[in-house]
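Residues per chain are reported as follows:
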Amino acid sequence: MTILVTGARGKIARKLVRLLLDGGHDVRAAGRDPSAACLPPGVEVVAADLADPGTLGPALKGARTVFAYADRGGLDGFARRAAGAGVEHIVLLSAAGASATSGDPIARTHGAAERAVAASGVPWTFLRAGGFASNTLQWAGTIRALGAVRDPFPESRSAPVHEADVAAVAPAVLTGTGHRGGAPVLTGPETLTRRRQAELIGEALGRRLAFEVQDLAEHRRDLARWGPPEVVEALVRHAAEAVRAPLPPTGAVEEITGRPARTFAAWARDHRDAFA
């Protein structure tokens, strides 16, 4: 059985490919620029764009299970082609709060992807990730230059999930049948403020980091690299709302993998070189 992993350059996809290979599975990886994926030997690598159905034939040929990402270009064409190719299960990396009718552009993009996959008739599982621990990599520049984290929301709280845990959940879902039709929300094991996350990065580096409360206008300018103004406003709104009402830890990682989710402190140690 060939398992297709899309988004081949992504951190989760790369980790997932290695886990599937270690499990003895036939793996095909696909992406817009597969030559840049740096994947291990034994992986068939093909070019494909989920938003361009005309590129999907070689990627889907013979694939029985697919790991896919939501795409701003939509997944309607991909979902139809997957159904026509005989795919038996689509595992979609989605987001907590996904809703095709949401006024929030992030939730809406993921909700639209879920709706397209569900409408295809192919059995599905949606892995709804909470906030990723890797979002704090946006602090790396000021940590290296100033020894400080600059952010307007020191008391914003989340239960950030390690990307390795998302990758660890995926093989269990891709290779089994017990989670079809489910939409587990994947989080880390504990709720932390952004101030505490900065402290833990400092501990991983062996030094204390300052936390500077950033001007909100400047923060919006920094966030512009993540998308258009409506996405920037959604990110600001999420951070502000999470001061009082964060997404709580779910325990889904442990339920699916059989071991506890990795802590943010462990993530910081794993990524200390990015901040050094």
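All of the points below concern the structure found in this document. (Residues numbered from 1 in each chain as written. Predicted model: local features only at pLDDT ≥ 70, side-chain atom pairs only at ≥ 80, totals over all residues. Heavy atoms only, no water.)

### So, the side chain of D165
Considering the arrangement of structural elements, one finds D165 in helix α6 (residues 163–175). By relative accessible area, which is 0% here, D165 ends up buried. Apart from residues lying up to four places away in sequence, D165 is in contact with V253, R259, A261 and R262. (Helix = DSSP H or I, 4+ residues; strand = E, 2+ residues; numbered from the N terminus. Buried < 20%, exposed > 50% of the residue type's maximum accessible area, 1.4 Å probe, protein only. Contact = heavy atoms within 4.5 Å.)

### Here's the deal with the layout of surface pockets
The calculated volume of the second largest pocket comes to roughly 190 Å³. The wall of the second largest pocket is formed by Q138, W139, G141, T142, R150, D151, Q214, E218, H219, D222, L223 and R225. At the level of secondary structure, the elements contributing two or more residues to the lining of the second largest pocket comprise α5 (140–146), β7 (148–151) and α8 (216–223). Per-element tally for the lining of the second largest pocket: the top contributor is α8, with four residues. Split into classes, the residues belonging to the lining of the second largest pocket amount to two nonpolar, five polar and five charged. (1 Å grid on protein atoms, 1.4 Å probe; cavity = no way out; pocket = protein on both sides within 12 Å on 5 of 7 lines; lining within 4 Å. Points joined across faces, edges and corners; volume = space filled by probe spheres on them. Nonpolar A, V, L, I, M, F, W, Y, C, P; charged D, E, K, R; others polar.)

### Topic: the pairing of strand β6 (residues 124–129)
Here six bridges tie strand β5 (residues 89–95) to β6, and the two strands are oriented parallel to one another. Bridge assignment links A95 to a residue of β6, and that residue is A129. Pairing of β6 with strand β9 (residues 185–186) involves two bridges; the strand directions are parallel. Within the sheet, the bridge partner assigned to A129 lies in β9 and is L186. (Pairing = 2+ DSSP bridges.)

### Notes on the sheet that holds strand β2 (residues 26–31)
Spatially, the seven strands line up as an open sheet ordered β3-β2-β1-β4-β5-β6-β9, and their pairing is parallel. The sheet is open, and its two edges are formed by β3 (44–47) and β9, each paired on a single side. As paired strands, β2 and β3 are joined by four bridges and run parallel to one another. Its bridge partner lying in β3, R28 is registered against E44. Against the sheet, helix α1 (residues 11–22) touches β1 (2–6), β2, β4 (63–69) and β5, its axis set at about 165 degrees to β1. (Axes fitted to C-alpha atoms, helices over the stretch in contact; angles between N-to-C directions.)

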